[in-house]
Amino acid sequence: DATPFGPSPLKDRTIVVRVEGSAGQSFGAFMAKGVALELVGDTNDYCGKGLCGGTITVTPPKECLFKPEENIIVGNVCCYGATGGR
């Protein structure tokens, strides 16, 4: 419970998690402010569901054989119910 520390106890990017590969459903769901997730790969549906702060970055691998701007690397219903964050 972060209530004793106020509504935003962490400064931006206090916690940074870098991962590679394919993330499952609800990657970064309900993430709080101050947390940053950086994924090199792709993610399934509901990425960022209920996001209330924090940052999610999804990028394709540099060695990918497709044009990223012509393909989908994040499943549908991204950021459903989100109230904050990026």
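Definitions and limits used
- Residues numbered from 1 in each chain as written.
- Predicted model: local features only at pLDDT ≥ 70, side-chain atom pairs only at ≥ 80, totals over all residues.
- Heavy atoms only, no water.
- Core = buried A, V, L, I, M, F, W, Y, C linked by side-chain atoms within 4.5 Å.
- Buried < 20%, exposed > 50% of the residue type's maximum accessible area, 1.4 Å probe, protein only.
- Helix = DSSP H or I, 4+ residues; strand = E, 2+ residues; numbered from the N terminus.
- Contact = heavy atoms within 4.5 Å.
- Pairing = 2+ DSSP bridges.
- Axes fitted to C-alpha atoms, helices over the stretch in contact; angles between N-to-C directions.
- Salt bridge = Lys/Arg side-chain N within 4 Å of Asp/Glu carboxyl O.
- 1 Å grid on protein atoms, 1.4 Å probe; cavity = no way out; pocket = protein on both sides within 12 Å on 5 of 7 lines; lining within 4 Å.
- Points joined across faces, edges and corners; volume = space filled by probe spheres on them.
- Nonpolar A, V, L, I, M, F, W, Y, C, P; charged D, E, K, R; others polar.

Asker: Let's hear about the nonpolar core: which residues, and what values?
Answerer: Grouped together as the largest cluster of nonpolar side chains are 9 residues: Ala23, Phe27, Met31, Val35, Leu37, Leu39, Cys47, Leu51 and Ile56. Take this core: its biggest share by element is 3 residues, from strand E2 (residues 35-43). In this view, Phe27 contacts Val19, Leu37, Leu39, Thr43, Tyr46, Cys47, Gly48 and Ile56; residues no more than four positions away in its chain are not counted.

Asker: So what's going on with the sheet that holds strand E3 (residues 55-59)? Residues and values would help.
Answerer: A sheet is described by the order of its strands in space; here 3 strands give the open sequence E1-E2-E3, paired in parallel fashion. One side of each edge strand has no neighbouring strand; the edge strands of this open sheet are strand E1 (15-23) and E3. For this sheet the average axis-to-axis angle between neighbouring strands, irrespective of direction, equals 20 degrees.

Asker: I'd like to hear about the pattern of salt bridges, residue by residue, with values.
Answerer: Under the definition given, this model contains 3 salt bridges. Of the charged contacts, one joins Arg13 and Glu38 as a salt bridge, the two residues approaching to 2.7 Å between their closest N and O atoms. Of the two residues, Arg13 is situated in the segment before E1 and Glu38 in strand E2; the sequence distance between them amounts to 25 residues. Judged by its relative accessible area of 44%, Arg13 falls in the partly exposed class. Note that Glu38 is salt-bridged to Arg18, the shortest N-O span being 2.8 Å. With Glu38 in strand E2 and Arg18 in strand E1, the pair connects residues that are 20 residues apart, well separated along the chain.

Asker: Break down the side chain of Thr43 for me, with residues and values.
Answerer: Here Thr43 is to be found in strand E2. Residues contacting Thr43, with those up to four places away along its chain left out, are Ala23, Gly24, Phe27, Val58, Ile73, Val74 and Gly75.

Asker: Could you give me a rundown of the layout of surface pockets, with the residues and numbers involved?
Answerer: Of the voids in this model, the largest pocket is the one considered here, and its volume is about 150 Å³. Looking at the largest pocket, the residues that line it are Asp12, Arg13, Lys33, Gly34, Val35, Gly53, Gly54, Thr55, Gly85 and Arg86. By residue class, the composition of the lining of the largest pocket is 1 nonpolar, 5 polar and 4 charged.

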